[in-house]
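# Structural overview for review
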Amino acid sequence: MSETKGSDIAIIGCGPAGALAARNAARKGVSVAVFEEHSTIGLPEHCAGLISVSGLRRLNINIPRECILNRVNSAIFYSPSGTCFSVSRKKPQAYVFNRPLLDQYLASEAQKENVELFRNSKVLAVKMGEKRSLKIFHRKETVFETKVIIDAEGIRGKFVRNVGLTPVSKGVIPGVQFEVNNVEVNPHQVEMFFGNKVAPGFFAWIIPTGENTARVGVGARRQALQYLKKFIKNHPIASKRLSKAIIVKKFGGAITLSGPIPRTYTDGFLVIGDAAGQVKPTTGGGVIMGGLCAQIAGEVAAKAVIDNNVDSKSLAIYQKKCRRLLSREFSSMLLVRRILNRMSDNNLDKLFDILIKNDFTRDIEEIGDMDFESAVIRKLILKPKLSAQIIFNFLTSILIGIREQIKEKT
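Report follows, based on the coordinates. (Residues numbered from 1 in each chain as written. Predicted model: local features only at pLDDT ≥ 70, side-chain atom pairs only at ≥ 80, totals over all residues. Heavy atoms only, no water.)

Attention now moves to the nonpolar core. Core analysis: the largest hydrophobic core is formed by 87 residues, its most contacted members being Ile9, Ile11, Val32, Phe97, Ile150, Ile272 and Tyr318. Take this core: its biggest share by element is 13 residues, from helix H7 (residues 287-306). The residues touching phenylalanine 97, leaving out its near neighbours within four places in the chain, are Gly49, Ile51, Leu56, Ile63, Cys67, Ile68, Leu69, Leu102 and Arg215. Grouped together as the second largest cluster of nonpolar side chains are 23 residues, Ile76, Tyr78, Val198 and Ala224 included. (Core = buried A, V, L, I, M, F, W, Y, C linked by side-chain atoms within 4.5 Å. Buried < 20%, exposed > 50% of the residue type's maximum accessible area, 1.4 Å probe, protein only. Helix = DSSP H or I, 4+ residues; strand = E, 2+ residues; numbered from the N terminus. Contact = heavy atoms within 4.5 Å.)

Shown next as structure tokens:
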């Protein structure tokens, strides 16, 4: 026999987005419950754990030192042929996190606001209509009644589809990462490697976690694990420093690169984080963008509950506020992602040459932001030589596509 409980707002998932939405909603004085299907917050791991300092400031959260493994202030980018350029600043630009500890800290901050957290509690179904409820399994089946559901379930988007919204589908690629010891790295520099032979549709990365430790990963349209093994063993630059690497942990997950879903709300229901596609199409990072939207969602949901009006019209302000804040960023990053995805390795090399010869790295250093990338993207695209290369690449890719279609028909 099922038991019935309830709260004003119920949140599915206690990742960073779920925890931040819960905290902000509870601060408005409404009751909030969060359901996490795993017994330990933050596990299993899926994320590279590199988060910008400026982004954390935007979220207005102060992270304890014990959550931070390393600080980085520079990045180096490698073309398919090995040409490279770097950008750097004097102060740390990003932290490398112990993600389970970070997630657990954010959950504890939500609990300080009297959020009720249910671990090892799997949401089996959601019921919509005049009365909303979740069917939970935690030792026994429970019906949990609520006024607003906030979906922070992650990329799978099961409940997004169930309530009639469009889930993330296109632009999802697999990512795989190894934590390794006994490697040669600059402890303060992130490395990114591009090329269709290295990581088609994305890139490979080396993120230092210490003096001789790192996270080495690959995102790719297909066979990410095979590409990662090949990268470590055969890449002409990286393999020399990774040849004696000792793998201590393996993990991975799906990366969404298609931007936000068309609609993130309906009657009594909001979608946040990866489930809403609130992830940077350029790098796959979602903690900051998803976190900013989650904070807005928590506040909008709480106001709707207080006003006793949780219909679609009342909750639509959530998407309006998110778009006002981030639409320019997502549109700019989506443009870059589409350009990169269409580029051959030869054209990527040409692009790197233009960036280096014209000292465009100075623009990146001066105005670049790890999360709000539109300013530097727009400035670079308006450069005549760079825009000419982009136009040439698009025309080339269109002609190649037409030729391939003709071959298939014949």
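That was the structure; now back to the text.
A few words now on the pairing of strand E14 (residues 204-208). With respect to burial, E14 is a largely interior element, five of its five residues being buried. On E14, burial covers both faces: Ala204, Ile206 and Pro208 on one face and Trp205 and Ile207 on the other are all buried. Where strand E13 (residues 189-193) and E14 come together, three bridges link them in antiparallel fashion. The residue bridging methionine 192 from the neighbouring strand is tryptophan 205, located in E14. Sheet analysis places E14 next to strand E15 (residues 213-219), joined by five bridges and oriented antiparallel. Bridging across to E15, proline 208 finds its partner in alanine 214. (Pairing = 2+ DSSP bridges.)

Packing of helix H1 (residues 16-26) against helix H3 (residues 99-112) brings their axes to within 8 Å, and their N-to-C directions diverge by 15 degrees. Relative to H3, the element H1 lies roughly parallel. Pair H1 / H3 crosses with left-handed handedness. Within the contact between the two elements, H1 uses Pro16, Ala19, Leu20, Ala22 and Arg23 and H3 uses Arg99, Asp103, Leu106, Ala107, Glu109 and Ala110. (Axes fitted to C-alpha atoms, helices over the stretch in contact; angles between N-to-C directions. Parallel < 35°, antiparallel > 145°, perpendicular 65-115°, else oblique. Left-handed = near helix turned anticlockwise from the far one by under 90°.)

Next up on the list: H3. The end-to-end C-alpha distance of H3, which contains 14 residues, comes to 20 Å, matching closely the 20 Å that a straight helix rising 1.5 Å per residue would cover. Every buried residue belonging to H3 is among Arg99, Pro100, Leu102, Asp103, Tyr105, Leu106, Ala107, Glu109 and Ala110, and all of these are buried. The inward-facing, buried residues of H3 contact H1, strand E3 (50-52), strand E7 (94-97), strand E8 (116-118) and H7. Of the residues that open H3, the one with a side-chain oxygen 3.1 Å from the backbone nitrogen of leucine 101 is asparagine 98. One or two steps after H3, the chain reaches asparagine 114, where phi turns positive at roughly 70 degrees. (Expected span 1.5 Å × (residues − 1). Polar contact = N/O pair within 3.5 Å; in protein donor to acceptor, adjacent residues only side chain to side chain.)

Time to look at unusual backbone geometry. Looking along the chain, the bond that leaves leucine 43 and enters proline 44 is cis, with omega of -5 degrees. With respect to the helices and strands, the residue proline 44 is situated in the loop between strand E2 (32-35) and E3. Phi at asparagine 60 is positive, roughly 60 degrees, even though this residue is not glycine. Take asparagine 60: it is sitting in the loop between helix H2 (53-59) and strand E4 (68-72).

Before going further, it helps to examine helix H8 (residues 312-342). Here H8 is 31 residues long, yet its end C-alpha atoms lie only 38 Å apart, well below the 45 Å a rise of 1.5 Å per residue gives. Along its length, H8 reaches its greatest deviation from straightness, about 60 degrees, at leucine 326. (Bend = angle between axes of the 7 residues up to and from the residue.)

Here we come to the sheet that holds E3. The strand order across the open sheet formed by three strands is E3-E7-E4, and the pairing between neighbours is antiparallel. Of all the strands in the sheet, just E3 and E4 have a single pairing partner and so form its edges. Strand-to-strand twist in this sheet, taken as the mean axis angle between neighbours without regard to direction, amounts to 30 degrees. The sheet contact formed by E3 and E7 spans three bridges and is antiparallel. Following the sheet pairing, serine 52 is matched in E7 by alanine 94.

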